[in-house]
Amino acid sequence: DKFRVPDAARDEFLARTQEADRLLRRLPGFIEHRLLHQTGGPGRYNFVTIAIWRDAQAVAAARVAVAARHRASGFDPQAMFARLNIEADLANYEEVAA
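Remember, it's a predicted structure, so these values are computed and weren't measured experimentally.

1. Structural notes on the overall build of the protein
- Tallying secondary structure elements over the protein gives three helices and four strands in all.
- Reading the protein from its N end, one meets helices and strands in the order β-α-β-β-α-α-β.
- Compactness check: the protein gives a C-alpha radius of gyration of 14 Å against a globular reference of 13 Å for 98 residues, within 12% of the reference.
- Each principal axis of the C-alpha atoms in the protein carries an extent, and together these give about 40 × 35 × 20 Å.
- Per-residue burial over the protein gives 26% buried out of 98 residues.
- Here the analysis covers contacts within the protein between residues at least 6 apart in sequence; of these, 62% occur between residues at least 24 apart.
- Of the accessible surface of the protein, which amounts to about 6,900 Å², a share of 53% is contributed by carbon and sulfur atoms.
- Computing the positive centroid from 14 side-chain charges and the negative centroid from 13, the protein places the two 4 Å apart.

So this is what it looks like as structure tokens:
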């Protein structure tokens, strides 16, 4: 996922990302999660998160678990993005053999 995060929203965004990381690491099929910050170049997104999962079933189960956690805690990511003026480009990718 890619994000354009204004400076004023950085702390809250990072706190939520760290919270998500703690949840993802406990889920079956989790392999790795990375948070990258842009340090140069003309790109419009300044943060990228990459979660690597064992297979598509683990990704699907993780989505369900994350959605349940959001509901239970009353957290609405889309509302947070709108409130903080964060632009998100959320997508799934598969590795391509080079």
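2. Examining the nonpolar core
- By size, the foremost hydrophobic cluster in this structure holds eleven residues: Phe3, Val5, Ala9, Phe13, Leu14, Phe47, Phe75, Met80, Phe81, Leu84 and Ile86.
- Counting only elements with at least two residues in this core, the list comes to α1 (10-24) and α3 (77-84).
- It is α3 that provides the largest number of residues to this core, a total of three residues.
- Setting aside anything within four residues of it in sequence, one finds Phe81 in contact with Phe3, Ile86 and Ala88.
- Judged by nonpolar contacts, the second largest core, of seven residues, contains Leu27, Phe30, Ala58 and Ala62.

3. Focus on the packing of aromatic side chains
- For the structure shown, the criterion picks out four aromatic pairs.
- Seen in terms of ring centroids, Phe30 and Trp53 are 5.6 Å apart; in terms of plane orientation they differ by 80°. Their pairing is edge-to-face. On the criterion of sequence distance, the pair formed by Phe30 in strand β2 (residues 30-37) and Trp53 in strand β3 (residues 47-53) is long-range, its members being 23 residues apart. Judged on exposure class, the residue Phe30 and its partner Trp53 are both buried.
- Stacked on the ring of Phe75, the Lys or Arg Arg16 has its end atom at 3.7 Å from the ring centre.

4. Looking at unusual backbone geometry
- Residues other than glycine seldom take positive phi values, yet Asn85 does so here, at roughly 60°.
- For Asn85, the location among the structural elements is in the loop between α3 and β4 (87-89).

Definitions and cut-offs
- Residues numbered from 1 in each chain as written.
- Predicted model: local features only at pLDDT ≥ 70, side-chain atom pairs only at ≥ 80, totals over all residues.
- Heavy atoms only, no water.
- Helix = DSSP H or I, 4+ residues; strand = E, 2+ residues; numbered from the N terminus.
- Rg over C-alpha atoms; globule rule 2.2 N^0.38 Å.
- Buried < 20%, exposed > 50% of the residue type's maximum accessible area, 1.4 Å probe, protein only.
- Contact = heavy atoms within 4.5 Å.
- Areas by Shrake-Rupley, 256 points an atom, 1.4 Å probe, with all protein chains shown as cover.
- Lys, Arg positive; Asp, Glu negative; His and termini not counted.
- Charge placed at Lys NZ, Arg CZ, Asp CG, Glu CD.
- Core = buried A, V, L, I, M, F, W, Y, C linked by side-chain atoms within 4.5 Å.
- Phe/Tyr/Trp six-rings, centres within 6.5 Å; stacked < 30°, edge-to-face > 60°.
- Lys NZ or Arg CZ within 6 Å of the ring centre and 35° of its normal.

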